[in-house]
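One letter stands for each residue in the lines below.
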Amino acid sequence: MKNKIIEGQVIPFDQSNIDTDAIIPKQYLKSIKKSGFGPFLFDSLRYTDPGDLSTTKKRNINSKFVLNIKPYSSGNIILTNDNFGCGSSREHAVWALKDFGIEAIISTSFADIFYRNSFKNGLLLISIKKDELDKMFREITMSPKYNLTINIQNQTITTPNDQVYSFAISDSDKERIIFEYDDIELSLKHKDKIKIYEDRMKLLKPWVFEKNND
Amino acid sequence: MKKTLYDKIWDEHLVHENEDGSSLVYIDRHLVHEVTSPQAFDGLDIQKRDIWNNNSIYAVSDHNVPTQNRASGIDDKISKLQVDTLIDNCKKHKISYFDLNNINQGIVHVIGPELAITQPGMTLVCGDSHTSTHGALASLAFGVGTSDVEHVLATQCININKEKNFKINITNKLSNYVSSKDLILHIIKEIGTSGGTGYTIEFTGDCIENMSIESRMTMCNMSIEAGAKSGLVAFDSKTHEYMLNKKYSPSKKYLDEAVKYWENLVSDHDAVFDKILSFDATDVLPQVTWGTSPEMTTDINGKVPNPDDENDSSKKQYIQRALDYMGLTANQDIKSIMLDKIFIGSCTNSRIEDLRQAAKIVEGYKVSDNIKQAIVVPGSGLVKAEAEKEGLDKIFVKSGFEWREPGCSMCLGMNDDSLLPYERCASTSNRNFEGRQGDKGRTHLVSPSMAALAAIKGHFSNVIDFANEK
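Source: prediction; values computed, not measured.

Reading the values: rules and limits
Numbering of residues starts from 1 in each chain and follows the order in which that chain's sequence is written. All chains are assigned letters beginning at A, and all ligands numbers beginning at 1, according to the order in which they are written. Only residues with pLDDT of at least 70 get local features here, since the model is predicted, and only at 80 or more are side-chain atom pairs given and counted; chain-wide, interface and lining totals rely on the full set of residues. Here a helix means four or more residues in a row that DSSP labels H or I, a strand means two or more in a row labelled E, and each is numbered from the N terminus. Residues are called buried when their C-beta atom has 20 or more other C-beta atoms within 10 Å, exposed when it has 12 or fewer, and partly exposed otherwise; all C-beta atoms are positioned from the backbone. Residues are defined as contacting one another if the C-beta atoms placed from their backbone atoms lie within 7 Å. In this setup the radius of gyration rests on C-alpha atoms only. A globule is expected at 2.2 Å times the number of residues raised to 0.38. Nonpolar cores are identified as sets of buried Ala, Val, Leu, Ile, Met, Phe, Trp, Tyr and Cys residues joined via C-beta atoms within 7 Å. Segment limits for the domains were obtained from an automatic or database-derived domain assignment. Note on residue categories: nonpolar means Ala, Val, Leu, Ile, Met, Phe, Trp, Tyr, Cys or Pro, charged means Asp, Glu, Lys or Arg, and polar means any other residue, Gly included. Pairing between strands requires that DSSP locate at least two bridges from one strand to the other. Structural elements are reduced to axes, namely lines fitted to C-alpha atoms, with helices fitted over the stretch in contact, and the angle between N-to-C directions of any two is expressed from 0 to 180 degrees. Each residue gets a pLDDT score, which is the predictor's confidence in that residue and runs from 0 to 100. Roughly parallel covers angles under 35 degrees, roughly antiparallel covers those over 145, roughly perpendicular covers 65 to 115, and oblique covers all other angles. By the definition used in this description, the sense in which the near helix is turned from the far one sets the handedness, with an anticlockwise turn below a right angle giving left-handed and a clockwise turn giving right-handed. When the strands point away from the viewer, a crossover counts as right-handed if the route from the first strand across the helix to the second turns clockwise.

(A) Main features of the overall build of chain A. Helix and strand counts for chain A come out as eight helices and seven strands. If you line up chain A on its principal axes, its C-alpha atoms span 65 × 45 × 25 Å. By residue count, 40% of the 214 residues in chain A fall in the buried class. Taking the contacts inside chain A whose residues are at least 6 apart along the sequence as the reference set, 67% of them involve residues at least 24 apart.

Structure (structure tokens):
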């Protein structure tokens, strides 16, 4: 059976309610592309000077921010607290995380729209219990070089101390990460069913389908 | 089986149920704006896919457009490219687009209802989290990311799991000068920013029944700030009246049939909700947020919290971090907070009723000397025209406010309207996140009348006391 293993350094970001405005600030949403957002991930936390899409000068690094501290700066798994990704629906937040190299985020909970956007882009989100999360945070404080191994098919996280935690994930989300399939193509397999539904509704609720009157 | 309003709209739009528990749900209306759509149209082009039904789509530029000097066009080249890209995509795919000089241009969540693009019982999506606003018309509306924008463009459907049902029942009347903004902030303070995650919230009770459609929109708009993608209010005579004589109201031919259909858009008596909470509207005072999350709210007579009062160390840090960012001290009186800027606008509070409430407060007074800028940004061209007809613009301008063109403006500061570092703003918008209104800017969320009063006082003050003394 096809599987995907994510392995790497953890970035500890012990805050709750991290919103998508913090993940990628508004000035970068003016881009009409999907790529290139990595350098602006957590922009206002990561740099001490302001920037936007036209900034060419080298930015001043906030040496206190976790992404600028070794060994976290080369991490690919974020460990964070409750309700990560709340607020704006901007998918740019997920594009920025992916572009930076983040492959998985572990927390106790995530905001709904962010959750959907993440799996649509192959970014794995894992919810674990509060005590498990707290334990991982404690262990990273003791030994910052902290690599996790995430086995998606088996739904397990293995810590450097060989402790294994299991996590829940729906089959479809699991497949989304492993196969990164095209959702539109899957939905269009039901094209005929959509058409039949639509034709039925045109008769039942004709006002919904009235043509624009301009 | 007894059904909630959410169950009814869901069942009515179900196209296909997948084995994994997700469902293909038909989408009646799709609202599109400049910021979250270019990559979706691009995706269609790359895959050579067509749009399923361009008649279901309405587009407008609102997020990054200027709110003044529009005659000269958009100066910012990057913003202009984004707006031009939307115009090009709409032309190419024959999608209705309201350009900047059209009276119907405005914030997508203001124009949807006021043009009756949104109608009861419909499903509606938009690439914006405040799409929840439209639920005030008994329609199932929620925000989606750009991948889902593309998915709905191509398939007219969305593949989702059903949410759970959450009823928030509010009894009694709000006090005079206390608005639905105060009520929803009060609710978020109680249930937290993730209290509604995984749920669709239906607001019920005599307080909601007595509320105008516009006030209901403010409630549903901020459902997302409680974590719920959708808020709902049942159809009633007020919804019925609101739906009439608008640009895209059902034609005469179908109106009776539509109304008959709409009348069923209420939760059945004894329908089962997964979660129910009750609030008493008489408990609600004018609210002011003090922190960097909408749940960090207290009432106008309150104080900034003291992190030392918290036993839990992570909560302590959470509060301390917010106070540091906001430049506030523990136990400080909310009324002692001095302000730099005032913003009246956004999809939460830029409708005619909001502007009337604010104008009523400022009439005959001047904006305080310490306020560097006070702006009113009407939600749409129609709101602006109505306000000007009523003379509200003159009241604002006479008081020292700037009267602007419609758009999202300082709610998220994508255009020129934003806070400078450390500036403090009383804002009628929906998010007080770090940097939301501008890098290092400090946002306090309030109702329109509270923002108006803050403008003339220069600091927060209780609008109920002010009105009683007036």
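(B) Structural detail: the overall build of chain B. Across its full length, chain B carries 16 helices and 19 strands. Here the C-alpha radius of gyration of chain B, 22 Å, is about what a compact globule of 470 residues would show, namely 23 Å. Looking at chain B as a whole, 60% of its 470 residues are labelled buried. In chain B, the share of contacts with a sequence separation of at least 24, taken over all contacts with a separation of at least 6, comes to 77%.

(C) Examining the nonpolar core more closely. The biggest cluster of nonpolar side chains holds 193 residues, and the ones touching the most others in it are A:Ile23, A:Ala96, B:Ile342, B:Val362, B:Ala451, B:Ala454 and B:Ala455. Take this core: its biggest share by element is seven residues, from helix H15 (residues 448-457) of chain B. Counting contributing residues per domain, this core is built from domain 1 (5-275) and domain 2 (287-469) of chain B, each supplying no fewer than three. Those residues in contact with B:Ala455, other than ones at most four positions away along the chain, are B:Ile342, B:Val362, B:Val367, B:Ser368, B:Ile371 and B:Ala374.

(D) Spatial organisation of the interface of chain A and chain B. Contacts between the two partners involve 52 residues from chain A, matched on the other side by 60 residues from chain B. Going through the elements one at a time, helix H1 (20-23), helix H4 (112-120), helix H6 (171-179), helix H7 (183-188) and helix H8 (191-204) of chain A are the ones with two or more residues in the side of chain A that touches chain B. Top element by residues in the side of chain A that touches chain B is H4(A). It accounts for five residues. Residue composition of the side of chain A that touches chain B, by class: 16 nonpolar, 17 polar and 19 charged.

(E) Representation of the pairing of strand S19 (residues 442-445) of chain B in the model. All names here are of chain B. The alternating pattern of S19 places Arg-442 and His-444 on one face and Thr-443 and Leu-445 on the opposite face, and all of these are buried. Judged from the four bridges that link them, strand S18 (residues 424-427) and S19 form a sheet pairing that is parallel. The residue bridging Cys-425 from the neighbouring strand is Thr-443, located in S19.

(F) Representation of the sheet that holds strand S7 (residues 140-143) of chain B. Residues and elements named next belong to chain B. Read across the sheet, five strands follow the order S5-S4-S3-S6-S7 without closing on themselves; strand pairing throughout is parallel. Both edges of this open sheet fall to strand S5 (96-98) and S7, since each of them pairs with a single strand only. Averaged over all adjacent pairs, the angle separating strand axes in this sheet is 20°, with direction ignored.

(G) The confidence of the model for chain B, seen in detail. Averaged over all residues, the pLDDT of chain B is 97; the fraction at 70 or higher stands at 100%. Scoring of the predicted complex yields 0.97 for pTM and 0.95 for ipTM.

(H) Fine view of the domain arrangement of chain B. All names here are of chain B. Along its sequence, chain B is organised into domain 1 (5-275) and domain 2 (287-469). Taken together, the contact pairs 40 residues of domain 1 with 39 residues of domain 2. For the side of domain 1 that touches domain 2, the secondary-structure elements that each account for two or more residues are helix H4 (108-114), helix H6 (180-191) and helix H8 (213-221). With six residues, the single largest contributor to the side of domain 1 that touches domain 2 is H6.

(I) Broad picture of unusual backbone geometry. Here the amide bond leading from A:Lys70 into A:Pro71 is cis, since omega sits at 0°, within 30 degrees of zero. Residue position: A:Pro71 is located in the loop between helix H2 (43-46) and strand S2 (77-80). Even without a glycine there, the phi angle at B:Lys48 is positive, about 55°. Among the structural elements, B:Lys48 can be located in the loop between helix H2 (38-47) and strand S4 (57-60). On the basis of neighbour counts, which here come to 6 C-beta atoms within 10 Å, the residue B:Lys48 falls in the exposed class. Phi is positive for B:Asn172, close to 70°, though the residue is something other than glycine. Take B:Asn172: it is sitting in the loop between strand S9 (164-171) and H6.

(J) Representation of H2(B). Taken together, the buried positions of H2(B) are B:Pro38, B:Gln39, B:Ala40, B:Phe41 and B:Gly43. Where H2(B) terminates, the next one or two residues include B:Lys48, which has phi positive at roughly 55°.

(K) The arrangement of the sheet that holds strand S3 (residues 104-107) of chain A in detail. Residues and elements named next belong to chain A. On the basis of which strands lie adjacent, the open sheet formed by seven strands has the order S4-S3-S2-S1-S5-S6-S7 and mixed pairing. Every interior strand has two partners, whereas the edge strands, strand S4 (124-127) and strand S7 (164-166), have only one. Each neighbouring strand pair of the sheet contributes to a mean axis angle of 30°, computed without reference to strand direction. Where S2 lies against S3, three bridges are found, and the strand directions are parallel. Within S3, the position partnered with Leu-79 by the bridge is Ile-106.

(L) Spatial organisation of H4(A). Residues and elements named next belong to chain A. Extensive coverage of H4 is indicated by the burial of nine of its nine residues. Of all the residues in H4, the buried ones are Asp-112, Ile-113, Phe-114, Tyr-115, Arg-116, Asn-117, Ser-118, Phe-119 and Lys-120. At the exit of H4 stands Gly-122, carrying a positive phi of roughly 75°.

(M) Fine view of the environment of A:Ser44. Residue position: A:Ser44 is located in helix H2. Judged by the 20 C-beta atoms lying within 10 Å of it, A:Ser44 is buried. Once you skip the residues sitting within four places of it in the chain, A:Ser44 turns out to touch A:Pro25, B:Glu434, B:Gly435 and B:Asp439.

(N) A look at the packing of helix H12 (residues 352-362) of chain B against H15(B). Residue and element names in this part refer to chain B. The geometry of H12 relative to H15 is characterised by a closest axis approach of 8 Å and an angle of 30° between their N-to-C directions. One element, H12, and the other, H15, form an angle in the roughly parallel class. In the packing of H12 onto H15, the handedness of the crossing is right-handed. Contacts from Asp-354, Gln-357, Ala-358, Ile-361 and Val-362 of H12 reach H15 at Pro-448, Ser-449, Ala-451, Ala-452, Leu-453, Ala-455 and Ile-456. For the contact of H12 with H15, the residue count by class is nine nonpolar, two polar and one charged.

(O) Quick peek at the pairing of S2(A). All names here are of chain A. Alternating residues of S2 divide into Ile-77 and Leu-79 and Ile-78 and Thr-80, and every residue in both groups is buried. The pairing of strand S1 (residues 5-13) with S2 spans four bridges and is classified as parallel. Its bridge partner lying in S2, Phe-13 is registered against Thr-80. With helix H3 (residues 92-100) bridging S2 and the parallel S3, this β-α-β connection has right-handed handedness.

(P) Broad picture of the packing of H6(B) against H8(B). All names here are of chain B. The interhelical angle for the contact between H6 and H8, taken along N-to-C directions, is 25°, at an axis separation of 9 Å. As far as their axial angle goes, H8 and H6 are roughly parallel. In this structure, H6 crosses over H8, and the sense of that crossing is right-handed. Taken together, the residues of H8 that come into contact with H6 (itself represented by Ser-180, Lys-181, Leu-183 and Ile-184) are Ser-215, Thr-218 and Met-219. A breakdown of the residues in the contact of H6 with H8 according to their chemical character gives three nonpolar, three polar and one charged.

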